[in-house]
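Residues per chain, in single letters:
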Amino acid sequence: MSPSGIRRGGPPLTEVEAEDLLRCICFKTGPPRTVGVELEWLVHELRDPRLPVRPPRLAAALDTVRALPLVSALTFEPGGQLELSSRPAGSLMECLDSLAADLVAVRAALGRLGLALSGYGVDPWHAPRGRVLHEPRYDAMETALARTGPAGRAMMCESASVQVCLDAGLEEPGPLGYHRRWRLAHLLGAVLVAAFANSPVHGGRRTGWRSTRQALWTELDPRRALAPPPDGEPRTEWAAHVLDTPVMCVRAEEGPWAVPEGLTFREWLRTGLPRPADADDLRYHMTTLFPPVRPRGHLELRMMDAQPGPDGWMVPVAVTTAVFDDPEAAETAYRAVKPLAELAGPGPAPRNPLWLAAARDGLADPELHAAARAVFSAALDALPRIGASEGVRRAVAAFHERYVIPGGCPADDLQVVTS
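My aim in this report is to walk through the structure given alongside it, one point at a time. (Residues numbered from 1 in each chain as written. Predicted model: local features only at pLDDT ≥ 70, side-chain atom pairs only at ≥ 80, totals over all residues. Heavy atoms only, no water.)

A few points about the pattern of salt bridges
1) Next: Across all of its chains, the model carries 30 salt bridges by this definition.
2) Next: Across the pair E45 and R57 runs a salt bridge, and its minimum N-O distance is 2.3 Å. A residue pair is termed long-range when its members are at least 10 positions apart, and E45 in strand β1 (residues 35–45) and R57 in helix α2 (residues 55–66) qualify at 12 residues.
3) Next: Across the pair R131 and E142 runs a salt bridge, and its minimum N-O distance is 2.5 Å. Linking R131 in the loop between β4 (115–118) and α4 (136–146) with E142 in helix α4, this pair joins segments that are 11 residues apart in sequence.
4) Next: Through salt bridges with shared partners, one network takes in E15, E19, D244, R266 and R270. (Salt bridge = Lys/Arg side-chain N within 4 Å of Asp/Glu carboxyl O. Helix = DSSP H or I, 4+ residues; strand = E, 2+ residues; numbered from the N terminus.)

Here is the structure:
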């Protein structure tokens, strides 16, 4: 490994080797056993979230949080958003309890500094936020994404989410098979966007979207945030998608990283320019792709807005886990969302009509509303079977009654605010 932390010295990778590697590492099949969660939070002033947190104060607060003895991995996003990533857990409750304990410690540490965590899909008060992390990766990312407008910077610095990570599934067909779970994720994903939309206000203005965060993803560069074609064999489609997506950056041991324009990874492999690519370059390239569902051995569901309240994040985690990992609920959910494929059409998420309707209208869309009611009912039935606590079941039931049954979402509760 070089002094810059970049692993170098591997043999040049061929195109055939790259395709084989992608098929091996992106869908690791087996019985669904583990769940993980990545929680992103905006950091705001405790006494008045409309007041900006100055970068030196935010940096000092982040140093304080870094010193905490947490079980979860702690990282920070370019705008200073705080992210906690759980370890892979053997059950839903193991995952929820571990993250909840870490959040108590983080909130207490920030509270003593007059700061708080806020759960919104995008910052309702402050836009644009400047970057507080200045690293080669984020310098390159901002340069690359700025080529198609301001959405990239807003996504980097002003957005937050709940991301759920689940095993890819079994090799064989059926409700727990990886092929079915891949397909379910891209239809159910729109329902999750709609039900948990929580970002109708950005920079003090209503945007016309219930999930402005999801709208930002549709405005990124033409390929980086897209899913592969919705039909076809997942391993084959994903491998082609990775190789045909432009490279965001070419890492260097010293100096700024190159940000080529329009150079796909496949072309990089074929030409060997600006230097030969190796397997570690391919693995890094995959971290610069931001589709709504990203296969990384497991499935990373990335489409849900951060949620309000101290424990609101538990509801999307519980619902998603229940309808993926309980076979009966998985079958019910798939039957409920399968008709949405007609609304989606042939285009990939998140730019197809289904996903746009989810981000814009939430559960006010009648087809998404009908699917959500069936999905939440299946989840509520499944939660006892997967060991969910009574408190988690009550939280999901309360969300179901407050939002899903009448066709609303948390975005409907957020009033227009001004800075």
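Observations regarding helix α16 (residues 390–404)
1) Next: Between its first and last C-alpha, α16 extends 20 Å over 15 residues, near the 21 Å set by a 1.5 Å rise per residue.
2) Next: Residues of α16 that are buried: V392, V396, F399, H400, Y403 and V404. Taken around the axis of α16, the buried residues stretch over an arc of 105°, which confines them to a single face. For α16, exposure combined with an orientation more than 90 degrees from the buried face picks out R394, E401 and R402.
3) Next: Each element contacted by the buried residues of α16 is listed here: α3 (92–111), α6 (178–195), α11 (314–325) and α15 (366–382). (Expected span 1.5 Å × (residues − 1). Buried < 20%, exposed > 50% of the residue type's maximum accessible area, 1.4 Å probe, protein only. Arc of directions from axis to C-beta. Contact = heavy atoms within 4.5 Å.)

All we've got here are geometric facts, nothing functional implied.
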